Every structure is written in C-alpha cells, then in structure tokens.
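One letter stands for each residue in the lines below.
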Amino acid sequence: MKVAVITFPGSNCDYDCYQALKTLGGFEPEFRWHRDEKLGDVDAVLLPGGFSYGDYLRSGAIARFSPIMEAVVEFARAGGPVAGICNGFQILCESGLLPGALLPNESLLFRSYDVHIRVETVRTPFTSAYERHQVLRIPIAHGDGNFHADDETLAELEGDDRIVFRYVDADGSLTPEANPNGSAHHIAGIVNASRNVLGMMPHPERAVEPVLGSTDGAGLFTSLRRHLEGAMA
Amino acid sequence: MTDPTTSPSPVTTDGGAVIPRPRPGDPEITAEVVEAHGLSAEEYERVLGILSRTPTFTELGIFSAMWSEHCGYKNSKRLLMLLPTEAPWVIQGPGENAGVIDVGDGLALAFKIESHNHPSAVEPYQGAATGVGGILRDIFTMGARPIAVLDSLRFGDLDSGRNRYLFAGVVKGVGDYGNCVGIPNIGGEVFFDRAYDGNPLVNAMALGLMKREDLIKGEASGVGNPIMAVGARTGRDGIHGATFASEELSEDSDESSRPQVQVGDPFTEKLLLEASLELIRSGHIVGIQDMGAAGVTSSASEMAGRAGSGVELEMADVPVREEGMTPYEILLSESQERMLVAAKAGREDEVRKILAKWELEAEVIGAVTDDGYFRILEDGEVVANIPALPLTDGCPTYEREGIEGEDVKEARRRDLSPVLEPEGDLTEPFMRLMGSPNVASKRWIYDQYDTTVRTSTVVRPGSDAGVVRLRGTRRAIAATTDCNGRFCWLNPREGAKAAVAEAARNLVCSGALPTAITNNLNFGNPLKPHIYHQLREAVLGMAEACSLFETPVTGGNVSLFNETDGKAIYPTPVVGMVGILDDVDHATRAAFQVEGDSIILLGETSEEIGGSEYLYREHGEVAGEAPSVDLLAERRLQHAVLGMIQKGHIRSAHDCSEGGLAAALAESAVSGERALGVDVQLHARIAPVALFFGESTGRVILSCSADEESRVLEIARSHGVPAQLIGRVGGTASPFSIRAPRGSIEIPVETLRERYFGTLPELMAQTAAEEVR
Amino acid sequence: MSRFDVEVRIKPRPGLLDPQGKAVHHALESLGYDGVSEAKVGRLIALTVEAGSEADARDRVEQMCRKLLANPVTEDFSLRVTEAPAVTDGDG
Amino acid sequence: MSRFDVEVRIKPRPGLLDPQGKAVHHALESLGYDGVSEAKVGRLIALTVEAGSEADARDRVEQMCRKLLANPVTEDFSLRVTEAPAVTDGDG
Ligand SMILES: Nc1ncnc2c1ncn2[C@@H]1O[C@H](COP(=O)(O)OP(=O)(O)O)[C@@H](O)[C@H]1O
Ligand SMILES: [Mg+2]
C-alpha cells in the first residue's frame, strides 16, 4: 500500500511518519516534495507535523498554496484517505478540507507532553482498529492547537459524529485540566463530512513502539491498512 | 553586486605584497580607536609586527574580532592545554566546529556546547534562540544530523521580575528554535542564585549523528577553489558580537550603542540543515563552516588557517540584506543561519542547485589562494591583507596571576555548626526546600520543549540524563549537563571535579557508560587575580576528573567577563557529557517503579552542609567547605551501578544532588507515572540537617525487587562501595516518610507531589506580565 | 505606476476568544494600569506595492488578504493606504 | 473621564531581520503578486482606555508600551488615538 508523505519546507515529522509506516509494516511510504504537482499512484496521503514556512504568517497558511496541495485536494475530493497530523491538521484547515482553525494555545506556551485522548468514533478509515471510547496516551507538541469553529460548525461536527478524538484525563473524563490548549469541545481531531480526511493535533507516529513509551498510536495506521485492504479486496 | 565579467580574477599571485589603502571615510587609527577595539598596547604592537605597517580600519576590526577572548582564547588557551583530549574512541578533538567520537556500528557522534550569555542578557528570547541555532550549525557543519539538544541555564533568584522575564524569555527562545527545526530537547539544567543577577548564563549543547565516513572539516584547501556564502543574507546584526562577548556588562548596557541584536530564523536554519547535509554528501565541496562569532572574518580565516592556505574575498559579492554596508560591517556581522563553503572548482552551479532546492542562496564571494593571506577586496580594491596564520593562531596568550579571593576564604571558614542544630520533625524545612526552584521539578521548562520529535527519545527530560536510541542498532546515547556554581565558588578545583563526577553519575544512573565531555567555562573577568585563580583551579579539577573517568574533552567554549558592575558570577564550568548504552533496554530512570521494592543507598553521607541549597534557602548563605570529592570512590560506585543495570538487577537509579538525600528520595517517589510513598529508616548518627539535606557527592539511590536485594548489596560490597538497605517503596496512598535517629520527615505523598510540580508554574504565573510581548 | 504603503491591520473577529488579548489585559492590570476596558491583539502587515492608483493598490492588497494574509474563519482585516514615500509617524 | 480607542502598532526595528516579513513577501511572490517591494510583519494591539483627555490617553499607553507591550530592543511602536465609540474603519 503506497502512502505519500508530503514534505513542505519546514516539515520536521515527515521522516517520523515515514518510519512509523515502515515499522508497522504493510506500507510502502514515499516522500512527495511540496513542489511536486502530482501525487502519483498512491493509496493514502499523510501531511506531517512541523513548521511549514516557519508558521510565520499563520500555521499552515503558506503551505496550503504549495503545488502538491492541489493534487492532495483533488485526491481527497475523490474520496482518498488523507490524514494531517499537527501542522498537517493546520494545513488542512487552511486549505478548507477541514472546517475551523487552530489558534494559539490558551496558555500562549508551546505544550509538549503525553496527553490522553479518547476515541470518539470508530467510523473512520483511521480509527476502526480502536474501540469506541478507548483512551490513548499520545504525545502532543504544538503552539497552535486550540481548535476553534463557530457554533454552527461545532454542532455539525457533534451531530454528524465527526469529532474523532477528544482530550480527556487518564480515566477518560473531560476535565478542564485535561485540555492542553483550550480547544473547543476538547477537540483533538476531526474528520470531514465524507469521513476520509482526518486532522489531529497529537502525534500518533510518536507512539508506535514500546521503546518510545507508548504504542497507542499504532491503531491509527493499522486502521488505515485495514481500510485500504478492504478497499482493494 | 559587481558584474562578474568585470570583476578582477580572484586569485592573484604574490598578493602578500599588496598594501591596502584606507577607505575614504574610515576613521583614523588612533590609540583610542585601538582601545575601543579591545586590543591592548602590547597586542597592537604585535599587529604592527605582523603587518609591518599600520592596519587599515577594516584590518583593525578583523584583528579585534579574531583576538577577542571569544575567538582567540587569549586568557584561557594555556589552561585549556591542560585538559586530556585523547582516547581511542575520539575521532576529532578540540579545534573543529565540534568534537566527534566513535559510537560503534560505523557511526560517529558530534557534540558540543556553546554559550550565548551576553546576547541573552540583552534580549533573552533572541539571545537564547540564536544560541541554539549556532550550536546546531556547529554540529551539521561536521556532516552530522542533529539528534538532540540540551540547555544549561543560570539566572538570579525568581523573586525579581527581571529574572522571571529573562527566564521565561530564554526558555521560550530555546524552545521555539529547537521545536521549529525539529530537534528534541533531552535535558539540561537550571540553577537560580543571586550570583547570576544581571548575568544569566545560557549554554546550549547539541549532539549529532553521522556515518564515520561522512565527517567533513572546516578547511579551505585547493588553490582556486571558490569560497561561497550560503544561506541567509548578511545584515548589520551583532557587529562585533565576539568582542562584545568578551567585555563586562555595565549599567548602560541596554542602550542603543549596542550592536544590533541578532534575530533567529529557525525556518531558514531547518532548510540550511537539510541543504548542508545534502551538500556534504554530494561531494561538491571540500570544506564548510558556520559563520558564527565574528562572522565571515573568523570562518574564512579559520578555514584558511586550518588548511594552511590563503583566501581572497570580494565584499561586493556577499549577498547583503541592507544597502551601503561597508567591508568592516560585512566582515564582522553576525547575521545568523549562514555558512561559508569551500566548493570544488567548477561545481558552483551544482552547489547553487542544491541550495535552490531548499529555497536558499549561494554566491561565490572569493577563492582559495596559495599565498597564505587573508585578503579582502571591495569592488576590486584591496581593503585588508593579513597573513592568515598569525591572524588565527598568533593571538597572544597570557598566563595571569591567580590568587584566591579574600571573601571566599572567609566564607569557607564560616562556622556552620549552629546550622546543624535543628532536630526532630524537619518536615517544614523539607517542604520549603522542595519548593525551591533549584530542587522543584523543571517540568515548566521542558513542557515547552519538543522532546519526542525524531521518534528516538527513550528517556525524556525529568530523569538523570536524556537517552536517545540509535535507530537500526541496539545502541543508545545518553547526555547530561551539570555544574554546581556554589561549590565551584567555594572551591573551584573540587567544584569542577564534582561537576564531572555528577555528570558521569547521571549517565551511569541512566544506564550509559560515560564516554567524553564538552565544556563551557563561564567565568568573570580573568584579568582579576581571584577570577584567574578560579579559572585555573577549575580547569585543573576538570582535567583530573576527566583523566580518571577516561572521559576526554573533545571541545568546548569559554565565556569570560561575565560581570555586571564589577560583580562576577560564580565560576561555572558546565560539563556536558555523553555516554553510550550498548543496549537501549538498559535505559534506567530515576523514578521508583513498583510498590514494595527495596530502596538502597550507595555511597557515604558525611556531616557536610557547606554550599548546600538548604543553607542558601534557610539561611541565605553560601558558605562552608564545598562537599569533598573522592574520585576513586566515585569510580567504584559508578562501575558498580552500571554493572547492576546491565545485569538487570535494579529498577531505578537516581543521583543525589541539590537538596540532598531527602530531595533525591522525593524525586524518585513523585516523578513516575504515579507518585509512590516511601518508608525509609536511616541509621547514620550525624546531624539530621546534614543527613537529610547535605549534598555529599558520590551517592546514588536505587530500587530493586526484594529478590534482588541481597545480590545488589553483594555487588556493591564487591566493588568496595558502601551500601545500605534503607527502606521500601510504598503505594500511591502511603506517606512519604523518612526517620533517622535524631530527626524525621513525614508528609502525604500527594502534598509532596503538588509542591514538587507546582512550584515553578506558580512562581512563573506572576510573569504573565512580561510574557505577553 | 506609483508606490503605495499599505498597512494591513488584522484583528481577531469579535466574539472570538483572543488568548493574547486576554493575557495583555491581565498583565496590564497586574502592573496597576486600570481603566483598560478592552485589549485585542492582532497582526500588522506593512507592504509597499506598485500600483496605478490608490484604489488599485487597495484592490490588490484586499485580494492578498482574502487569499493569504487573513484567515476568514478567525480574523477581520482593514487597510490604510498612503502614497509612498510614507510620512513617518510623528505620533509614536 | 472619557474612553479612547488606542491602536498600538508595533513593528520590528529597521535593520533587524524580520523572518515573518520575509516569509510573507516570498509567499506573495510565489502566488504571483509581483510589485510588492517590501513586507514587514508586526503586531497590532487595540486598547480601550479611560482617560481625562486624548493626550492623557496617549501618555498612559505610551508608558504601557515602554513597560510591557513593545520590546524596546527589537521593536518600534506608534500610536493612533481616537475618542470612543470608535468610528468603524470604512476602509477595510
Ligand atoms: N533547562 C532545562 N532544559 C531541559 N531539561 C531540564 C532543564 N533543567 C532541568 N531539566 C531536566 O530536569 C531534570 C532534573 O534536573 P536536575 O535537577 O538538574 O537533575 P540532576 O540534579 O539529576 O542533574 C533532568 O532530567 C534535567 O534534564
Ligand atoms: Mg543537577
């Protein structure tokens, strides 16, 4: 299964995503350069974390105009699975593939530690290997992770079961302390209306091996593998 | 920029004979001008001797930068020669951009520490950020990909708003830069004491990994090879930063007379990192060097000096950010994110192509010559022409007079017996100590640092040392920085030994074999005899300890003149040490793991309270004898601990440092995933204040399952290491309890946990004021 | 063609939580500056552009804002256009 | 006492590297907007303050800038003061 990992100038988790796919097996990850105009023959797309263009204007604002993004949008519109992690999430919001925006963390500080997130829906290509309401421990590392959308959009996300992950405490409760950045409705990840485009702030690729302290992120990739296998069968 | 078709051929023969003419508008060279450039009369004499004529203003600027303490090491070089630098595993010792050691499996590790103290005192955010940027460039110019950073910080006490502002700004600067480039922070240290008021210390360390054969040096060899400026453009940033870093700060230091602060651009750095590594692997270049302190001047002259060649550079061809920059300004600018590259002749376009891929510029600004001169042109006119070797290596070096300061002698003689009097329930002073920012958790800092990017971090900040695995092998690398400036002030030789010993102990407790060090000598003004005494003694202590531990010094940095209004910082010789784990599964943490485990104390606790955090917090004093260091005992201890870890006998290991035994037990109790109580009974009959809070060196707290207890004690005995079973790890609901013959501590572990983790966030919450900028 | 200085002022949309504005407000209060009833933090982008006329300059920069410089979900923008060379702000 | 709207415009000092401005400039160019000869990115802080007079409002905010809002080492600031309720910018 071919997965394109996009490298923008300033991406710094592209290699980590590539390695996670290799480590978990069953994938053939390939890098795509931001200036490439074609994705080529791939089954899924990953937009990695980092600081595309330094995030100097707004996180993700400049990267979304990269030539490759036209191909990504087209791929997504055709129903191809696309996941944006951290900066990738920000780019997806900026490009309009996902609603809302990611504002600076409420604390105004960069936040980097393990958080707990709860799987809110398993009806996505990225979460079918999890149990609903399973609690995962996964690192975050971001300055702009504070998800914002207007009330109407939030109601829609809630109503359509499109909130994929929420920040919770270790027991799965939505305590205020468990929300690391002030995100609306504790949102850590969402999907688009056709459920093939995922954006999330935590880094599942950093939690795929015991030596890294957690393997809770692996399910995201195994879900994707299962989804792609199903699609091919 | 000049038209390349009309500019003169850059390689001139017999260029040494050319005498530069003063540029119109350049100041005349007077005694005052010479003095303003930080050169002594004697040094200026030497300049005249080298040139056999009066220097031009541009040349004076060049000498001034190259012969500053920062570049020329004039007051430290002779002492640095005393440090051991060799071992079979050392591939590159001092003198290059970074030291390099062999780590097995065909891999080499480049690592180095660098200070950015003065810039951070003026602009904490940019000062710290550009400090990280500079040390990363030192690593990737060696051909290594950065894999980790650490930061060693010192500030005045946090009751001052200014210090909180500096602390918050520095931490944000360190974080934003490393986070953006995508290098995990795996550790560091921070220490607060009034001695650092006005003179914060910001030392950044970086580690990088490469295949042995990818090592490249900063050499400009091959006559006719083009010299290229690569990366960001040159602006008027930090002109004379190197000279400035070699002077004391004074009251009016923030005034506009200051050189322009350097602003960091981590995005460009990330691109430069990728482009440089690609360039090095491409085979199109012969040498590469960061344009760091003293910019083009030091990078070009050092590259020429190392290769024994000369260089000729055309200033009009240097890509600049601002109009009308003079050669003097271009040469001394410290604009960040720039590299100087010696390319192979004819490969200029290939070099440009690689840089363009990463959206960066590369311009030919000169060439390698064979006449041994460092020659600067402006539109074809020679404006500076200096023999390269005397410029880089001819800086006079000094051995100065050193005498111990009277104030220190007096402080050491202070009778501390009243301090040792309190007995009975010592829970209250214990909790105050746990609320000291020197003892409390540093999570507030490292929660702002990306610690997990690159998916190789095995032990994150918060334990004794950081550990990163080497992907594709079983191995891992551990790193730590350590130095207790108070000990060094009271006794620089013992203090420096203690720093090396603590660093090694931190590595061993994490499961690594200590392998080599880099160091940052942060001191006051060495022209003062009591400061020079500190410097010499510290180097001697470091040399002795490094020899004994077989951890050679592969590089480092010297930052002198850390004084404000005549008041010097504590001598602070920061040790950055790296170690190797043969098996990543040996990685061990400080936190207790399992309820019911046995707690074992290794090492000797003496009745020492001198220089302790307890003394500073409870009595406001820095006095008494610094704790003594027994290097041989230390080595036995470390062998024993490493052996226990490698054989899988123990579940946690933690070094005792600031705050003493009680603080170390507390850290092990509360820093795991869940806080666990402890039940400890001590038998030593010494004063409880010393027993609980004294900072005797050479001690480690272990935990192991009850089954392993006797084996662990036996191993310790066989190494001649004092070892005692002192208690058991409790559960989440058990109290934290320490009892001794004459005193006790007892507190709910949850209360302790809150104090430990809550202290820094609470102190820093008041800083919102300065943080909003 | 003439040159115009265009100042783009980008502010968080009303009603949007503005953590930076909140922090500024709080900090001013804790420094003893009372009487500040509102604080908002936004971005200022100063551009110098070539254009045939002031209206043309405004048009072009408005386009840039809609496309790139401002995020319509969270930000409002407004412009000030002056013919370059700009008068220096005597009011700082 | 009246209320005043004060707009604080904070820009990087001339000569200092402005990575944000550089990024914006570069992005505008690659989107095909030529004719932009300069781009600088700064901050905009909009305050509403109580003061006896316009001069008084300006005075107080200048103080706030020097003490807190602007970083004197790296930034320059200038103010625009208007009596509240502010006229809405008809020019955006
Ligand atoms: N400035 C810092 N940056 C990153 N990590 C830090 C910093 N200061 C302290 N730490 C981390 O906090 C932990 C405790 O630090 P410290 O009290 O100095 O430990 P020790 O006494 O064992 O050297 C260590 O893991 C250290 O790496
Ligand atoms: Mg320490």
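Cut-offs applied
Residues numbered from 1 in each chain as written. Chains lettered and ligands numbered in written order. Predicted model: local features only at pLDDT ≥ 70, side-chain atom pairs only at ≥ 80, totals over all residues. Heavy atoms only, no water. Helix = DSSP H or I, 4+ residues; strand = E, 2+ residues; numbered from the N terminus. Buried < 20%, exposed > 50% of the residue type's maximum accessible area, 1.4 Å probe, protein only. Areas by Shrake-Rupley, 256 points an atom, 1.4 Å probe, with all protein chains shown as cover. Lys, Arg positive; Asp, Glu negative; His and termini not counted. Charge placed at Lys NZ, Arg CZ, Asp CG, Glu CD. Least-squares fit on C-alpha atoms with pLDDT ≥ 70 in both. Contact = heavy atoms within 4.5 Å. Polar contact = N/O pair within 3.5 Å; in protein donor to acceptor, adjacent residues only side chain to side chain. Buried area = accessible area lost by both parts, 1.4 Å probe. Salt bridge = Lys/Arg side-chain N within 4 Å of Asp/Glu carboxyl O. Core = buried A, V, L, I, M, F, W, Y, C linked by side-chain atoms within 4.5 Å. Phe/Tyr/Trp six-rings, centres within 6.5 Å; stacked < 30°, edge-to-face > 60°. Lys NZ or Arg CZ within 6 Å of the ring centre and 35° of its normal. Nonpolar A, V, L, I, M, F, W, Y, C, P; charged D, E, K, R; others polar. Near = heavy atom within 4 Å. Pairing = 2+ DSSP bridges. Axes fitted to C-alpha atoms, helices over the stretch in contact; angles between N-to-C directions.

Considerations on the overall build of chain C
- Tallying secondary structure elements over chain C gives two helices and three strands in all.
- Helices (α) and strands (β) of chain C occur, in sequence order from the N terminus, as β-α-β-α-β.
- By its C-alpha atoms, chain C is 50 × 35 × 15 Å across when sized along the principal axes.
- For chain C, with 92 residues in total, the buried portion stands at 53%.
- As presented, chain C carries roughly 4,300 Å² of accessible surface, and 49% of it is formed by carbon and sulfur atoms.
- Between the averaged position of the 12 positive side-chain charges in chain C and that of its 16 negative side-chain charges there is a distance of 6 Å.

A closer look at the relation of the copies chain D and chain C
- The transformation that overlays chain D on chain C combines an axial shift of 0.0 Å with a rotation of 180 degrees, and the residual RMSD is 0.2 Å. Here the symmetry operator amounts to a two-fold rotation axis. Closest approach to the rotation axis within chain D is made by the C-alpha atom of Arg 43 of chain D, at a distance of 2.2 Å.
- Most of the interface of chain D is mirrored in chain C: 100% of its interface residues are interface residues there too.

Comments concerning the side chain of Arg 9 of chain D
- Following the sequence through the fold, Arg 9 of chain D ends up in strand β1 (residues 2-12).
- There is a polar contact of 2.8 Å between the side chain of Arg 9 of chain D and the side chain of Glu 7 of chain C.

Concerning the interface of chain A and chain C
- The partner chain C presents 16 residues to the 16 residues of chain A that form the contact.
- When chain A packs against chain C, the two sides together hide about 1,300 Å² of surface, and 68% of this comes from carbon and sulfur.
- Joining chain A to chain C, the criterion identifies two salt bridges.
- For Glu 106 of chain A, the salt bridge is made with Lys 22 of chain C, and the minimal N-O distance between the two is 3.8 Å.
- Summed over the shared surface of chain A and chain C, the number is five residue pairs in polar contact (both at pLDDT 80 or more).

A closer look at the nonpolar core
- Counting residues in each nonpolar core, the largest one holds 161 residues, and the members touching the most others are Phe 167 of chain B together with Leu 47 of chain C.
- Sort the elements by how many residues they give to this core and helix α8 (residues 161-181) of chain B lands first, with nine residues.
- Core analysis: the next-biggest nonpolar cluster, separate from the first, contains 129 residues, Leu 79, Val 408, Val 500 and Leu 535 of chain B among them.

What to know about the packing of aromatic side chains
- Here the structure, examined in full by the defined rule, presents 18 aromatic pairs over all chains.
- An angle of 40 degrees between the planes, with centres 5.2 Å apart, marks the rings of Phe 167 of chain B and Trp 444 of chain B as tilted. Here the residue Phe 167 of chain B occupies a position in helix α8, and Trp 444 of chain B occupies one in helix α17 (residues 443-446), the gap between them amounting to 277 residues.
- Trp 444 of chain B gets classed as buried once you look at its relative accessible area, which sits at 10%.
- Both rings, one in Tyr 614 of chain B and one in Phe 693 of chain B, keep their centres 5.0 Å apart while their planes meet at 10 degrees; by these two values the pair is stacked. Placement of the pair is Tyr 614 of chain B in helix α21 (residues 613-619) and Phe 693 of chain B in helix α24 (residues 688-693), with a sequence separation of 79 residues. The exposure classification of Tyr 614 of chain B matches that of Phe 693 of chain B, with both residues buried.
- Through a chain of ring-to-ring contacts, the aromatic side chains of Phe 155, Phe 167, Phe 192 and Trp 444 of chain B assemble into a single cluster.
- Over the ring of Trp 33 of chain A we find Lys 357 of chain B, and its NZ or CZ is 5.5 Å from the ring centre.

A short note on the interface of chain D and chain C
- Contact residues are listed per partner, giving 42 residues for chain D and 42 residues for chain C.
- For the pair chain D and chain C, the summed buried area comes to about 3,700 Å², and 53% of that belongs to carbon and sulfur atoms.
- Ionic pairing is found between Glu 7 of chain C and Arg 80 of chain D, a salt bridge with its closest N-O pair at 3.4 Å.
- For the pair chain D and chain C, the interface holds 18 residue pairs in polar contact (both at pLDDT 80 or more).
- Every element with two or more residues in the side of chain D that touches chain C is listed here: β1, α1 (19-30), β2 (36-51), α2 (54-69) and β3 (75-83) of chain D.
- When residues of the side of chain D that touches chain C are assigned to their parent elements, the largest contribution, 15 residues, is made by β2 of chain D.
- Of the residues contributing to the side of chain D that touches chain C, the split by class is 19 nonpolar, seven polar and 16 charged.

Things to note about the site of ligand 1
Residue and element names in this part refer to chain B.
- Residues in contact with ligand 1 amount to 21 residues; listed here are only the nearest, Asp 151, Gly 188, Gly 462, Ser 463 and Ser 657.
- Contacts to ligand 1 include Glu 189, whose backbone N or O atom sits 3.4 Å from a nitrogen atom.
- Asp 482 has a polar side-chain atom sitting 3.1 Å from an oxygen atom of ligand 1.
- Those elements giving two or more residues to the shell around ligand 1 turn out to be β4 (145-155), β5 (185-192), α17 and α19 (492-509).
- Counting residues per element, the shell around ligand 1 draws most heavily on β5, at five residues.

Structural notes on the sheet that holds strand β3 (residues 107-115) of chain B
Residues and elements named next belong to chain B.
- Read across the sheet, six strands follow the order β1-β2-β3-β6-β4-β5 without closing on themselves; strand pairing throughout is mixed. Unpaired on one side and paired on the other, β1 (90-92) and β5 mark the two borders of the sheet. Ignoring strand direction, the axes of neighbouring strands in this sheet form an average angle of 25 degrees.
- Here five bridges tie strand β2 (residues 99-104) to β3, and the two strands are oriented antiparallel to one another. When the bridges of β3 are listed, Gly 99 appears paired with Phe 111.
- Here α8 sits on the sheet in contact with β4, β5 and β6 (201-211), set at roughly 175 degrees to β4.

Points about the sheet that holds strand β3 (residues 44-47) of chain A
Residue and element names in this part refer to chain A.
- In space, the nine strands of this open sheet follow the order β2-β1-β3-β4-β11-β10-β9-β6-β7, with mixed pairing throughout. This sheet does not close on itself; its edge strands, each paired only once, are β2 (28-33) and β7 (135-142). Within the sheet, the average angular offset between the axes of one strand and its neighbour, ignoring direction, is 25 degrees.
- Here strand β1 (residues 2-7) pairs with β3 via three bridges, running parallel. Bridging across to β3, Val 5 finds its partner in Leu 46.
- In the packing of helix α3 (residues 87-94) onto the sheet, contacts are made with β3, β4 (82-85), β10 (187-191) and β11 (197-200), and the angle to β4 comes to roughly 120 degrees.

Concerning the environment of Gly 25 of chain A
- Here Gly 25 of chain A lies in the loop between α1 (14-24) and β2.
- Separated by 196 residues in the primary sequence, Gly 25 of chain A and Phe 221 of chain A place their C-alpha atoms 9.5 Å from one another.

Let's talk about the pattern of salt bridges
- Under the counting rule described, the total for this entry stands at 80 salt bridges over all chains.
- When the shortest N-O distance is used, the salt bridge between Glu 114 of chain B and Lys 112 of chain B registers 3.7 Å. With respect to burial, Glu 114 of chain B and Lys 112 of chain B carry one shared label: buried.
- A salt bridge links Glu 274 of chain B to Lys 270 of chain B, with the nearest nitrogen and oxygen atoms 2.8 Å apart. A residue pair is termed a helical-turn pair when its members lie 3 or 4 positions apart in one helix, as Glu 274 of chain B and Lys 270 of chain B do in helix α10 (residues 266-282) at four residues. As far as the burial class goes, Glu 274 of chain B and Lys 270 of chain B line up, both buried.
- Overlapping salt bridges, with partners in common, bring together Glu 7, Arg 9 and Arg 80 of chain C together with Glu 7, Arg 9 and Arg 80 of chain D in one network.

Focus: unusual backbone geometry
- One non-glycine residue, Asp 161 of chain A, lies in positive phi territory at about 60 degrees.
- With respect to the helices and strands, Asp 161 of chain A occurs in the loop between α4 (151-159) and β9 (163-168).
- The backbone phi angle of Glu 550 of chain B is positive, close to 55 degrees, even though this residue is not glycine.
- Inspection of the secondary structure assignment puts Glu 550 of chain B in the loop between α20 (529-549) and β19 (553-559).

None of the figures reported here should be taken as evidence of function without further support.
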